[in-house]
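Architecture and fold: a report
What follows is the residue order along each chain.
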Amino acid sequence: MQDIHKKNQTEREDAGKPSGFTNRRHTTVSKEPLFRCMVILNAAAWVSLIVALVLFHYARPEFISGMQKFWGVEGRVYWSKEHVDGLLAMLQVCLGLSLVSMILRLRRNRRKNDSFGINLFILASITIISLITLNTIFYTTL
């Protein structure tokens, strides 16, 4: 009875595979060192984007409301050079990590059912747009 169950299970697993196909992947995807490296790079890239957003918050000019003007409270009306330098560096790190992760994924994924990871394209496009916008805004206001 167990032999029939085992035979049916292997037939279901091999149903979509061409004849003569041998699976050479012996380890699961989550235990592969390359896959773990890609996941770590991907997470580090997203964390660097979050750090860049925090730096952007501190780098931009402060909003001075009418109440602050009335009471004479001073606020910074210029971009913080130190925070902008850190922001540019973090965005460049984020772009580099996402591109390296994309290249590793491209090298690893060779089958049709391997997912490529659209989040890397989204991350890279957000970072590129941010770098272009920041360079345009910051260097035209100096």
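The following paragraphs examine the structure supplied in this document. (Residues numbered from 1 in each chain as written. Predicted model: local features only at pLDDT ≥ 70, side-chain atom pairs only at ≥ 80, totals over all residues. Heavy atoms only, no water.)

Section: the nonpolar core
- Of all hydrophobic cores here, the largest spans 18 residues; its most connected members are Leu 87, Leu 91 and Leu 134.
- Contributions of two or more residues to this core are made by α2 (33-59), α4 (81-108) and α5 (118-141).
- Ranked by the residues each element gives to this core, the list is headed by α4, at seven residues. (Core = buried A, V, L, I, M, F, W, Y, C linked by side-chain atoms within 4.5 Å. Buried < 20%, exposed > 50% of the residue type's maximum accessible area, 1.4 Å probe, protein only. Helix = DSSP H or I, 4+ residues; strand = E, 2+ residues; numbered from the N terminus.)

So, the pattern of salt bridges
- For the structure on display, the rule yields one salt bridge.
- With a shortest N-O distance of 3.3 Å, Asp 85 and Lys 81 are connected by a salt bridge. Residue Asp 85 and its partner Lys 81 are located together in helix α4, separated by four residues, close to a single helical turn.
- You can call Lys 81 partly exposed: its relative accessible area is 40%. (Salt bridge = Lys/Arg side-chain N within 4 Å of Asp/Glu carboxyl O.)

Concerning α4
- Taking 1.5 Å of rise per residue, the 28 residues of α4 would be expected to cover 40 Å, and the 41 Å separating its terminal C-alpha atoms lies within 8% of that figure.
- Burial in α4 covers these residues: Val 84, Leu 87, Leu 88, Leu 91, Cys 94, Leu 95, Ser 98, Ser 101, Met 102, Arg 105 and Arg 108. (Expected span 1.5 Å × (residues − 1).)

Overview of α2
- Taking 1.5 Å of rise per residue, 27 residues should cover 39 Å, and α2 covers 38 Å from first to last C-alpha, within 8% of that figure.
- Restricting attention to buried positions, one finds in α2 the residues Met 38, Leu 41, Asn 42, Ala 45, Ser 48, Leu 49, Ala 52, Leu 55 and Ala 59.

Any functional reading would require information that these geometric values do not contain.
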